[in-house]
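Residues per chain are reported as follows:
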Amino acid sequence: MASGHSSHMLILFTFLLLALSASLVHGQGTRVGFYSASCPRVESIVRSTVQSHFRSDPTVAPGLLRMLFHDCFVQGCDASILISGSNTERTAGPNLLLRGYEVIDDAKTQLEAACPGIVSCADILAIAARDSVVLTNGPSWVVPLGRRDGRVSLASDTANLPAFTDSVDVQKQKFSALGLNTQDLVALAGGHTIGTSACRFFQYRMYNFTKVGNGAVDPSIDSSFLPQLRALCPQNGDDSKRVALDTGSPNRFDTSYFTNLRNGRGILESDQVLWTDASTKTIVQRFLTGLSFNLEFGKSMIKMSNIGVKIGNAGEIRKICSKIN
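Residues numbered from 1 in each chain as written. Predicted model: local features only at pLDDT ≥ 70, side-chain atom pairs only at ≥ 80, totals over all residues. Heavy atoms only, no water.

## Overview of the overall build of the protein chain
Note the threshold: Here a strand is any run of E in DSSP of at least two residues, a helix any run of H or I of at least four, and the numbering for each starts at the N terminus. Throughout, radius of gyration means the C-alpha value; the globule benchmark is 2.2 Å times the number of residues raised to the power 0.38. To sort residues, take the accessible area from a 1.4 Å probe on protein chains only and compare it with the maximum for the residue type: under 20% means buried, over 50% means exposed, and anything in between is partly exposed. Contacts are residue-level and defined by heavy atoms, with any inter-residue pair within 4.5 Å sufficient.
Helix and strand content of the protein chain: 13 helices and two strands. For a compact globule of 325 residues, the expected C-alpha radius of gyration is about 20 Å, and the protein chain comes in at 20 Å, within 12% of that figure. In terms of overall dimensions, the protein chain has C-alpha extents of about 60 × 60 × 40 Å along its principal axes. When each of the 325 residues of the protein chain is scored for burial, the buried share is 51%. Once local pairs closer than 6 in sequence are excluded, the contacts in the protein chain between residues at least 24 apart make up 75%.

## Considerations on the UniProt feature "binding site: heme b" (unreviewed entry) in the protein chain
What counts, and what does not: UniProt positions are given in the numbering used here, feature names are shortened, and annotations may be inferred rather than shown by experiment.
UniProt marks His192 with the feature "binding site: heme b" (unreviewed entry), using the numbering shown here. You can see histidine 192 is positioned in the loop between α7 (182-189) and β1 (196-198). Look past the residues within four positions of histidine 192 in its chain and what remains in contact with it is Arg66, Leu245, Asp246, Tyr257, Leu268 and Asp271.

## Here we look at unusual backbone geometry
For glutamine 75, which is not glycine, the phi torsion reads 65° and is therefore positive. Position of glutamine 75 relative to the elements: it lies in the loop between α3 (60-72) and α4 (101-114). One non-glycine residue with positive phi stands out, namely asparagine 87, at about 60°. Looking at the secondary structure, you find asparagine 87 in the loop between α3 and α4.

## Let's talk about the side chain of asparagine 306
Counted only if it meets this: In protein, a polar contact requires one atom able to donate a hydrogen and another able to accept it; more generally it is a pair of N or O atoms within 3.5 Å, and residues adjacent in sequence count only if both atoms are side-chain atoms.
Looking at where asparagine 306 falls in the secondary structure, it is placed in the segment after α13 (290-304). At a separation of 2.9 Å, a polar atom in the side chain of asparagine 306 contacts the main-chain carbonyl oxygen of isoleucine 302.

## Thoughts on the environment of arginine 242
As for its position among the elements, arginine 242 is in strand β2 (residues 242-244). Sequence separation between arginine 242 and threonine 136 is 106 residues, and the spatial gap between their C-alpha atoms is 19 Å. In this view, arginine 242 contacts Leu97, Thr196, Ser197 and Ala198; residues no more than four positions away in its chain are not counted. Engagement of the side chain of arginine 242 in a polar contact is seen with the side chain of threonine 196, the distance being 3.0 Å.

What follows is the structure, given as C-alpha coordinates:
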(Lines give C-alpha, C1' and ligand atoms only; values in the text may rest on other atoms or scores of the structure.)
Protein backbone atom coordinates (compact mmCIF):
# COMPACT_ATOMS: atom_id res chain seq x y z
CA MET A 1 0.00 0.00 0.00
CA ALA A 2 2.80 2.39 0.93
CA SER A 3 4.52 1.89 -2.43
CA GLY A 4 1.24 2.62 -4.25
CA HIS A 5 0.90 5.83 -2.23
CA SER A 6 4.48 6.91 -2.99
CA SER A 7 4.09 6.26 -6.73
CA HIS A 8 0.87 8.30 -6.65
CA MET A 9 2.73 11.14 -4.92
CA LEU A 10 5.52 10.87 -7.49
CA ILE A 11 3.04 11.19 -10.37
CA LEU A 12 1.38 14.13 -8.63
CA PHE A 13 4.77 15.80 -8.05
CA THR A 14 5.74 15.30 -11.71
CA PHE A 15 2.42 16.75 -12.84
CA LEU A 16 2.82 19.78 -10.56
CA LEU A 17 6.32 20.42 -11.88
CA LEU A 18 5.10 20.25 -15.47
CA ALA A 19 2.20 22.56 -14.60
CA LEU A 20 4.69 24.99 -13.08
CA SER A 21 6.93 24.87 -16.14
CA ALA A 22 3.86 25.44 -18.31
CA SER A 23 2.99 28.57 -16.37
CA LEU A 24 6.55 29.81 -16.79
CA VAL A 25 6.32 29.91 -20.58
CA HIS A 26 3.10 31.90 -20.82
CA GLY A 27 5.28 34.99 -21.22
CA GLN A 28 5.99 33.80 -24.76
CA GLY A 29 2.38 34.44 -25.66
CA THR A 30 0.63 31.15 -25.01
CA ARG A 31 -1.10 30.33 -21.74
CA VAL A 32 -2.82 27.47 -19.98
CA GLY A 33 -6.61 27.72 -20.19
CA PHE A 34 -6.61 29.97 -23.27
CA TYR A 35 -9.88 28.44 -24.58
CA SER A 36 -11.57 27.89 -21.20
CA ALA A 37 -14.38 30.32 -22.08
CA SER A 38 -14.37 30.26 -25.90
CA CYS A 39 -14.05 26.49 -26.51
CA PRO A 40 -13.93 24.56 -23.22
CA ARG A 41 -14.06 21.11 -24.87
CA VAL A 42 -11.01 21.65 -27.09
CA GLU A 43 -8.72 19.21 -25.25
CA SER A 44 -11.32 16.46 -24.87
CA ILE A 45 -12.26 16.69 -28.57
CA VAL A 46 -8.63 16.46 -29.69
CA ARG A 47 -7.90 13.66 -27.23
CA SER A 48 -10.84 11.49 -28.32
CA THR A 49 -9.94 12.07 -32.00
CA VAL A 50 -6.32 11.04 -31.46
CA GLN A 51 -7.46 7.99 -29.44
CA SER A 52 -9.85 6.85 -32.15
CA HIS A 53 -7.20 7.10 -34.92
CA PHE A 54 -4.58 5.51 -32.68
CA ARG A 55 -6.83 2.49 -32.08
CA SER A 56 -6.97 1.73 -35.81
CA ASP A 57 -3.37 2.82 -36.59
CA PRO A 58 -0.85 3.16 -33.71
CA THR A 59 1.74 4.67 -36.09
CA VAL A 60 -0.13 8.00 -35.94
CA ALA A 61 1.37 8.54 -32.45
CA PRO A 62 5.03 8.90 -33.49
CA GLY A 63 3.77 10.58 -36.66
CA LEU A 64 2.06 13.42 -34.79
CA LEU A 65 5.00 13.86 -32.41
CA ARG A 66 7.39 14.12 -35.37
CA MET A 67 5.02 16.49 -37.18
CA LEU A 68 5.00 19.00 -34.31
CA PHE A 69 8.80 18.88 -34.20
CA HIS A 70 9.09 19.49 -37.95
CA ASP A 71 6.51 22.29 -37.76
CA CYS A 72 8.14 24.18 -34.89
CA PHE A 73 11.63 24.06 -36.41
CA VAL A 74 10.40 25.91 -39.53
CA GLN A 75 8.73 29.32 -39.14
CA GLY A 76 7.89 28.47 -35.52
CA CYS A 77 4.92 26.45 -34.24
CA ASP A 78 2.31 27.82 -36.65
CA ALA A 79 0.95 24.73 -38.42
CA SER A 80 2.72 25.74 -41.64
CA ILE A 81 3.60 22.04 -42.04
CA LEU A 82 -0.11 21.30 -42.63
CA ILE A 83 -0.56 23.54 -45.69
CA SER A 84 -0.77 21.51 -48.89
CA GLY A 85 0.27 22.61 -52.38
CA SER A 86 3.36 22.73 -54.56
CA ASN A 87 6.61 23.84 -52.90
CA THR A 88 5.08 23.84 -49.41
CA GLU A 89 6.91 22.41 -46.38
CA ARG A 90 4.97 19.18 -46.81
CA THR A 91 6.69 18.57 -50.16
CA ALA A 92 10.25 18.96 -48.81
CA GLY A 93 12.46 15.85 -48.53
CA PRO A 94 12.57 15.69 -44.70
CA ASN A 95 8.76 15.90 -44.53
CA LEU A 96 7.71 13.45 -47.25
CA LEU A 97 7.25 10.57 -44.81
CA LEU A 98 5.38 12.51 -42.12
CA ARG A 99 2.02 11.02 -41.18
CA GLY A 100 -1.04 11.92 -39.16
CA TYR A 101 -2.44 14.80 -41.23
CA GLU A 102 -5.88 13.14 -41.28
CA VAL A 103 -5.99 13.17 -37.45
CA ILE A 104 -5.53 16.96 -37.32
CA ASP A 105 -8.10 17.44 -40.12
CA ASP A 106 -10.61 15.27 -38.28
CA ALA A 107 -10.13 17.15 -34.99
CA LYS A 108 -10.41 20.49 -36.81
CA THR A 109 -13.71 19.45 -38.45
CA GLN A 110 -15.15 18.57 -35.04
CA LEU A 111 -13.86 21.77 -33.43
CA GLU A 112 -15.28 23.92 -36.25
CA ALA A 113 -18.67 22.32 -35.51
CA ALA A 114 -18.33 22.89 -31.75
CA CYS A 115 -16.77 26.38 -31.76
CA PRO A 116 -16.29 27.77 -35.29
CA GLY A 117 -13.30 29.97 -36.04
CA ILE A 118 -11.84 29.72 -32.54
CA VAL A 119 -9.16 27.01 -32.29
CA SER A 120 -6.00 27.20 -34.39
CA CYS A 121 -4.55 24.22 -36.24
CA ALA A 122 -1.24 24.98 -34.48
CA ASP A 123 -2.86 24.43 -31.08
CA ILE A 124 -4.57 21.24 -32.26
CA LEU A 125 -1.18 19.87 -33.35
CA ALA A 126 0.46 20.78 -30.01
CA ILE A 127 -2.30 19.00 -28.05
CA ALA A 128 -2.33 15.98 -30.40
CA ALA A 129 1.44 15.47 -30.01
CA ARG A 130 1.08 15.41 -26.22
CA ASP A 131 -1.88 13.01 -26.39
CA SER A 132 0.15 10.72 -28.69
CA VAL A 133 2.92 10.43 -26.11
CA VAL A 134 0.38 9.64 -23.38
CA LEU A 135 -1.21 6.90 -25.53
CA THR A 136 2.18 5.20 -25.89
CA ASN A 137 2.68 5.09 -22.12
CA GLY A 138 4.66 8.33 -21.93
CA PRO A 139 4.33 11.35 -19.63
CA SER A 140 1.66 14.02 -19.83
CA TRP A 141 2.22 17.77 -19.56
CA VAL A 142 0.07 20.89 -19.57
CA VAL A 143 -0.03 22.46 -23.05
CA PRO A 144 -0.16 26.28 -23.02
CA LEU A 145 -2.41 27.44 -25.89
CA GLY A 146 -3.11 30.53 -27.95
CA ARG A 147 -0.97 29.96 -31.08
CA ARG A 148 -2.25 31.31 -34.37
CA ASP A 149 -1.72 29.72 -37.78
CA GLY A 150 0.92 30.94 -40.21
CA ARG A 151 0.24 31.95 -43.80
CA VAL A 152 3.64 30.98 -45.24
CA SER A 153 4.82 27.45 -46.05
CA LEU A 154 7.91 27.05 -48.22
CA ALA A 155 9.84 23.85 -48.92
CA SER A 156 13.03 25.93 -49.10
CA ASP A 157 12.67 26.89 -45.41
CA THR A 158 13.17 23.29 -44.25
CA ALA A 159 16.96 23.32 -44.78
CA ASN A 160 17.57 23.91 -41.07
CA LEU A 161 15.67 20.84 -39.89
CA PRO A 162 17.96 18.48 -37.94
CA ALA A 163 19.23 15.75 -40.27
CA PHE A 164 20.12 12.09 -39.70
CA THR A 165 23.81 12.70 -40.55
CA ASP A 166 24.23 15.75 -38.27
CA SER A 167 27.09 15.76 -35.78
CA VAL A 168 26.37 16.77 -32.19
CA ASP A 169 27.86 20.22 -32.85
CA VAL A 170 25.57 20.80 -35.83
CA GLN A 171 22.56 19.55 -33.86
CA LYS A 172 23.46 21.85 -30.96
CA GLN A 173 23.72 24.80 -33.37
CA LYS A 174 20.30 24.12 -34.88
CA PHE A 175 18.64 23.76 -31.48
CA SER A 176 20.44 26.73 -29.96
CA ALA A 177 19.30 28.98 -32.85
CA LEU A 178 15.74 28.33 -31.63
CA GLY A 179 16.42 28.83 -27.93
CA LEU A 180 16.80 25.14 -27.06
CA ASN A 181 19.81 23.92 -25.07
CA THR A 182 21.78 20.66 -25.09
CA GLN A 183 19.49 19.03 -22.54
CA ASP A 184 16.46 19.89 -24.69
CA LEU A 185 18.27 18.34 -27.66
CA VAL A 186 18.84 15.01 -25.88
CA ALA A 187 15.37 14.97 -24.31
CA LEU A 188 13.62 15.65 -27.61
CA ALA A 189 15.79 13.11 -29.46
CA GLY A 190 14.37 10.68 -26.91
CA GLY A 191 11.08 10.98 -28.81
CA HIS A 192 12.67 8.36 -31.07
CA THR A 193 11.68 5.84 -28.40
CA ILE A 194 8.54 5.46 -30.57
CA GLY A 195 8.33 5.16 -34.34
CA THR A 196 10.36 3.89 -37.25
CA SER A 197 12.87 4.97 -39.89
CA ALA A 198 13.25 3.94 -43.52
CA CYS A 199 16.37 1.86 -44.26
CA ARG A 200 17.67 4.58 -46.61
CA PHE A 201 18.40 6.86 -43.65
CA PHE A 202 20.91 4.57 -41.96
CA GLN A 203 21.88 1.85 -44.49
CA TYR A 204 25.15 3.65 -45.33
CA ARG A 205 26.33 3.06 -41.74
CA MET A 206 26.43 -0.71 -42.36
CA TYR A 207 27.91 -0.91 -45.86
CA ASN A 208 29.57 2.32 -46.89
CA PHE A 209 30.48 4.54 -43.96
CA THR A 210 32.71 6.97 -45.86
CA LYS A 211 33.85 8.76 -42.68
CA VAL A 212 36.02 5.69 -42.05
CA GLY A 213 36.52 4.49 -45.64
CA ASN A 214 34.48 3.21 -48.56
CA GLY A 215 32.82 -0.11 -47.80
CA ALA A 216 33.48 0.32 -44.08
CA VAL A 217 31.04 -0.12 -41.18
CA ASP A 218 30.32 2.67 -38.70
CA PRO A 219 32.52 1.59 -35.75
CA SER A 220 29.94 2.84 -33.24
CA ILE A 221 27.51 0.04 -34.23
CA ASP A 222 27.57 -2.89 -31.79
CA SER A 223 29.13 -5.78 -33.76
CA SER A 224 26.61 -8.29 -32.42
CA PHE A 225 23.76 -6.02 -33.60
CA LEU A 226 25.14 -5.65 -37.13
CA PRO A 227 23.84 -8.99 -38.55
CA GLN A 228 20.35 -8.18 -37.23
CA LEU A 229 20.43 -4.73 -38.86
CA ARG A 230 21.75 -6.11 -42.13
CA ALA A 231 18.98 -8.72 -42.19
CA LEU A 232 16.41 -5.93 -41.81
CA CYS A 233 18.08 -3.75 -44.46
CA PRO A 234 20.04 -5.80 -47.01
CA GLN A 235 22.53 -3.84 -49.10
CA ASN A 236 20.46 -3.90 -52.29
CA GLY A 237 17.10 -4.38 -50.61
CA ASP A 238 14.04 -2.13 -50.41
CA ASP A 239 15.37 1.11 -48.92
CA SER A 240 11.87 2.32 -48.03
CA LYS A 241 11.34 -0.57 -45.59
CA ARG A 242 10.56 0.69 -42.08
CA VAL A 243 12.66 -0.34 -39.07
CA ALA A 244 11.98 0.47 -35.40
CA LEU A 245 14.08 3.37 -34.07
CA ASP A 246 13.97 1.81 -30.61
CA THR A 247 14.83 -1.89 -30.93
CA GLY A 248 12.85 -3.82 -28.35
CA SER A 249 9.95 -1.46 -27.62
CA PRO A 250 9.12 0.68 -30.68
CA ASN A 251 5.51 1.29 -29.61
CA ARG A 252 6.17 2.13 -25.98
CA PHE A 253 7.43 5.48 -24.70
CA ASP A 254 10.26 4.48 -22.34
CA THR A 255 14.00 4.83 -21.75
CA SER A 256 15.15 1.86 -23.83
CA TYR A 257 16.08 4.33 -26.61
CA PHE A 258 18.88 5.58 -24.31
CA THR A 259 19.86 2.03 -23.33
CA ASN A 260 20.24 1.28 -27.05
CA LEU A 261 22.55 4.29 -27.50
CA ARG A 262 24.72 3.04 -24.63
CA ASN A 263 24.85 -0.41 -26.25
CA GLY A 264 25.76 0.84 -29.76
CA ARG A 265 22.26 0.10 -31.04
CA GLY A 266 21.11 3.57 -32.04
CA ILE A 267 19.61 3.37 -35.53
CA LEU A 268 20.30 6.87 -36.86
CA GLU A 269 23.81 8.29 -36.87
CA SER A 270 22.48 11.54 -35.36
CA ASP A 271 21.13 9.50 -32.42
CA GLN A 272 24.18 7.30 -31.83
CA VAL A 273 26.58 10.28 -31.72
CA LEU A 274 24.73 11.50 -28.59
CA TRP A 275 26.54 8.67 -26.77
CA THR A 276 29.97 9.24 -28.32
CA ASP A 277 30.07 13.01 -27.61
CA ALA A 278 31.02 13.91 -24.01
CA SER A 279 28.64 16.89 -23.79
CA THR A 280 25.56 14.79 -24.56
CA LYS A 281 26.68 11.46 -23.09
CA THR A 282 26.30 12.68 -19.50
CA ILE A 283 22.68 13.67 -20.22
CA VAL A 284 21.97 10.31 -21.89
CA GLN A 285 23.37 8.58 -18.79
CA ARG A 286 21.05 10.60 -16.55
CA PHE A 287 18.03 9.80 -18.74
CA LEU A 288 18.70 6.07 -18.50
CA THR A 289 16.70 6.25 -15.27
CA GLY A 290 13.08 6.89 -16.26
CA LEU A 291 11.75 9.62 -13.96
CA SER A 292 14.28 12.25 -14.99
CA PHE A 293 13.64 11.64 -18.71
CA ASN A 294 9.85 11.80 -18.49
CA LEU A 295 9.96 15.05 -16.58
CA GLU A 296 12.57 16.71 -18.80
CA PHE A 297 10.85 15.52 -21.99
CA GLY A 298 7.63 17.26 -20.94
CA LYS A 299 9.48 20.48 -20.08
CA SER A 300 11.41 20.44 -23.38
CA MET A 301 8.19 19.81 -25.34
CA ILE A 302 6.59 22.86 -23.69
CA LYS A 303 9.67 24.92 -24.63
CA MET A 304 9.76 23.61 -28.18
CA SER A 305 6.05 24.15 -28.77
CA ASN A 306 6.54 27.83 -27.94
CA ILE A 307 9.17 28.49 -30.62
CA GLY A 308 8.22 31.52 -32.74
CA VAL A 309 4.52 31.36 -31.89
CA LYS A 310 2.19 33.82 -33.62
CA ILE A 311 -0.19 35.58 -31.26
CA GLY A 312 -2.50 38.60 -31.19
CA ASN A 313 -3.09 39.83 -34.74
CA ALA A 314 -0.31 37.76 -36.34
CA GLY A 315 -1.32 34.87 -38.59
CA GLU A 316 -4.92 33.65 -38.67
CA ILE A 317 -7.23 30.87 -37.46
CA ARG A 318 -7.47 28.58 -40.47
CA LYS A 319 -10.89 27.13 -41.27
CA ILE A 320 -9.28 24.13 -43.01
CA CYS A 321 -5.82 23.18 -41.73
CA SER A 322 -4.40 22.36 -45.18
CA LYS A 323 -5.41 25.72 -46.69
CA ILE A 324 -4.70 29.36 -45.94
CA ASN A 325 -8.01 31.24 -45.49
